[in-house]
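The chain contents come next:
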Amino acid sequence: MRYEGKLYRPPSEANSYIVQATIGCSHNLCTYCDMYRDKQFRVRDLDEVLADISEAGRLYRGADKVFVADGDALIMDPDRWLTILEACRESFPGLRRVSCYATAENVLEKSPQDLADLCEAGLKMLYIGPESGDDVTLKRIVKGGTFAEHVEAARMAHAAGMKLSVIVLLGAGGVDRSAEHARETARLISDMDPEYVGALTLTVIPNTPQARLVEKGKFELPDIPQLLAEMRTIVEFAEPTHTVFRTNHASSYLPIAGELPRDRENILRAIDLALEGAIPLKPEFMRGL
């Protein structure tokens, strides 16, 4: 198996076999992100990908989950995807699901039939990171999609039978858009109605556009109480049907897990206790990306 550069995957894919079908991210413009800035985006040679899957099948035949990297592998054309999914089914007899990162744009570029075919072939989960529901914030961070486009992408994915894990980013609106970012993100979660939501916390990484905005005084990251207040607003006002809500990413100050709306009051109570200092926060040296 061959990998190029650093690999990233969601926390819930820790036990998955990762196959690198694309290199880098086709968008690669988000101001806060440096995950793929050292890579030139391209789709890997299909024969290489299939050879890697075949080898992994010999070494890890019991694997039941596959994560297709890199940044937004859904951009691959449906025929290529179907070939990769067939190879995964052949190599891993107990395969339960295949998943990948996706953007609203590359969901919307697929037809409803394309998405249904991919789901039927095994692509059961998409990880989409709108980061915010606030269109002003989305434009500032150069996310490449609007509130409405993310809602439509979620509708299409669900109609195809796929599950969604949505990633939101505490602090993405800065100090000046903190309230709008939190309220609109709660509304976006309600409208996208994903099965999972992961709340990460913005970290300003050196040499990114976000860091240059900070240096120029054009962006100020909210302090910890304000970040927790954003989380509280999101939990209080999001109205999904049934969503697992987690803040288990390494960037989070307050790891929490529960279901919305069922556990709303318990989660709010935990956030309030943290704001009061009754629950300790993760120390800075233990946080990461």
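Look a little higher up for the structure.
Residues numbered from 1 in each chain as written. Predicted model: local features only at pLDDT ≥ 70, side-chain atom pairs only at ≥ 80, totals over all residues. Heavy atoms only, no water.

Enquirer: Before we go on, may I ask you to explain the overall build of the chain in this structure?
Expert: On a plain count of helices and strands, the chain comes out with 10 helices and 10 strands. Relative to the 2.2 N^0.38 estimate, which gives 19 Å for 289 residues, the radius of gyration of the chain is 19 Å and therefore close to what a compact globule would have. With respect to the principal axes defined by its C-alpha atoms, the chain has extents near 55 × 40 × 35 Å. With an accessible surface of roughly 12900 Å², the chain has 51% of that area assigned to carbon and sulfur atoms. (Helix = DSSP H or I, 4+ residues; strand = E, 2+ residues; numbered from the N terminus. Rg over C-alpha atoms; globule rule 2.2 N^0.38 Å. Areas by Shrake-Rupley, 256 points an atom, 1.4 Å probe, with all protein chains shown as cover.)

Enquirer: Could you clarify how one ought to interpret the side chain of Asp-134 in this entry?
Expert: Inspection of the secondary structure puts Asp-134 in the loop between β6 (123-131) and α5 (135-140). Asp-134 gets classed as buried once you look at its relative accessible area, which sits at 4%. In this structure Asp-134 touches Arg-177, Glu-180, His-181 and Glu-184, once residues within four positions along its chain are discounted. (Buried < 20%, exposed > 50% of the residue type's maximum accessible area, 1.4 Å probe, protein only. Contact = heavy atoms within 4.5 Å.)

Enquirer: Whenever I open this one, the pairing of strand β4 (residues 65-69) confuses me. Can you help?
Expert: Successive side chains on a regular strand alternate, one facing one side of the sheet and the next facing the other. Counted residue by residue, β4 has five buried out of five residues, so it is predominantly covered. Taking every second residue as pointing to the same face, both faces of β4 are buried, with Lys-65, Phe-67 and Ala-69 on one and Val-66 and Val-68 on the other. Inspection of the sheet shows strand β1 (residues 17-20) paired to β4 by four bridges, in the parallel sense. Bridging across to β4, Ile-18 finds its partner in Phe-67. (Pairing = 2+ DSSP bridges.)

Enquirer: How do you make sense of empty space enclosed by the protein when you look at a structure like this?
Expert: One pass over the full model with this rule turns up one cavity of 30 Å³ or more. One number sums up the size of the largest cavity: a volume of about 30 Å³. Along the walls of the largest cavity sit Leu-170, Thr-201, Leu-227, Leu-228, Met-231, Ser-252, Tyr-253 and Leu-254, which together make up its complete lining. Residue contributions to the lining of the largest cavity peak at three residues, all from helix α9 (residues 224-237). Its residues assigned to classes, the lining of the largest cavity comprises six nonpolar, two polar and no charged. (1 Å grid on protein atoms, 1.4 Å probe; cavity = no way out; pocket = protein on both sides within 12 Å on 5 of 7 lines; lining within 4 Å. Points joined across faces, edges and corners; volume = space filled by probe spheres on them. Nonpolar A, V, L, I, M, F, W, Y, C, P; charged D, E, K, R; others polar.)

Enquirer: Sorry if this is basic, but what is going on with the side chain of Thr-31 here?
Expert: Turning to its location among the elements, Thr-31 is positioned in the loop between β2 (22-23) and β3 (42-43). Sequence-distant contacts of Thr-31, defined by excluding residues within four places in its chain, comprise Arg-37, Arg-140, Ile-141, Val-142, Thr-208, Pro-209 and Gln-210.

Enquirer: Please explain helix α2 (residues 78-91) as it appears in this structure.
Expert: An α-helical turn contains 3.6 residues, so any two residues separated by three or four positions project in the same direction. Taking 1.5 Å per residue as the helical rise, α2 with its 14 residues ought to reach 20 Å, and the 20 Å between its terminal C-alpha atoms agrees with that figure. Trp-81, Ile-84, Leu-85, Ala-87, Cys-88 and Ser-91 are the residues of α2 that are buried. Down the axis of α2, the smallest arc covering the buried residues is 160°, so these residues share one side. The exposed residues of α2 that point more than 90 degrees off its buried face are Asp-79 and Glu-90. Elements that come into contact with the buried residues of α2 comprise α1 (46-59), β4, β5 (97-102), α4 (112-121) and β6. Measuring from the side-chain oxygen of the N-cap residue of α2 to the backbone nitrogen of Asp-79 gives 3.1 Å; that N-cap residue is Asp-77. (Expected span 1.5 Å × (residues − 1). Arc of directions from axis to C-beta. Polar contact = N/O pair within 3.5 Å; in protein donor to acceptor, adjacent residues only side chain to side chain.)

Enquirer: Honestly, the pattern of salt bridges in this entry has me stumped. Any pointers?
Expert: Note that side chains of opposite charge can pair when their charged atoms are close. One pass over the structure, following the stated rule, counts 18 salt bridges. Residue Glu-4 is joined to Arg-42 by a salt bridge in which the shortest nitrogen-to-oxygen separation is 2.8 Å. One end of the pair, Glu-4, is in the segment before β1; the other, Arg-42, is in strand β3, with 38 residues separating them in the sequence. A relative accessible area of 33% places Glu-4 in the partly exposed class. On the basis of relative accessible area, Arg-42 is assigned to the partly exposed category, the value being 39%. Salt bridges linked by common partners bring Arg-2, Arg-44, Glu-48 and Asp-52 together as one network. (Salt bridge = Lys/Arg side-chain N within 4 Å of Asp/Glu carboxyl O.)

Enquirer: How do you make sense of a negative patch on the surface when you look at a structure like this?
Expert: Side chains of Glu-105, Glu-109, Asp-135 and Glu-149 sit close together on the surface and give a patch of like negative charge. Of the residues examined, Glu-109 reaches a relative accessible area of 52% and is grouped as exposed. (Patch = residues over 30% accessible without salt bridge, like charges linked within 9 Å, V, L, I, M, F, W, Y side chains within 5 Å. Lys, Arg positive; Asp, Glu negative; His and termini not counted. Charge placed at Lys NZ, Arg CZ, Asp CG, Glu CD.)

Enquirer: What am I meant to see in the state of the cysteines here?
Expert: What is meant by a disulfide is a covalent connection between two cysteines, made through their sulfur atoms. Taken as a whole and judged by the stated rule, the model has zero disulfides. Residue Cys-25 stays outside any disulfide, its sulfur separated by 6.6 Å from that of Cys-30, the closest cysteine. For Cys-25, a relative accessible area of 15% gives the class buried. Cys-33 carries a free sulfur, and the closest cysteine sulfur to it, the one in Cys-30, is 6.2 Å from it. (Disulfide = S-S within 2.5 Å.)

Nothing here speaks to function; it is geometry throughout.
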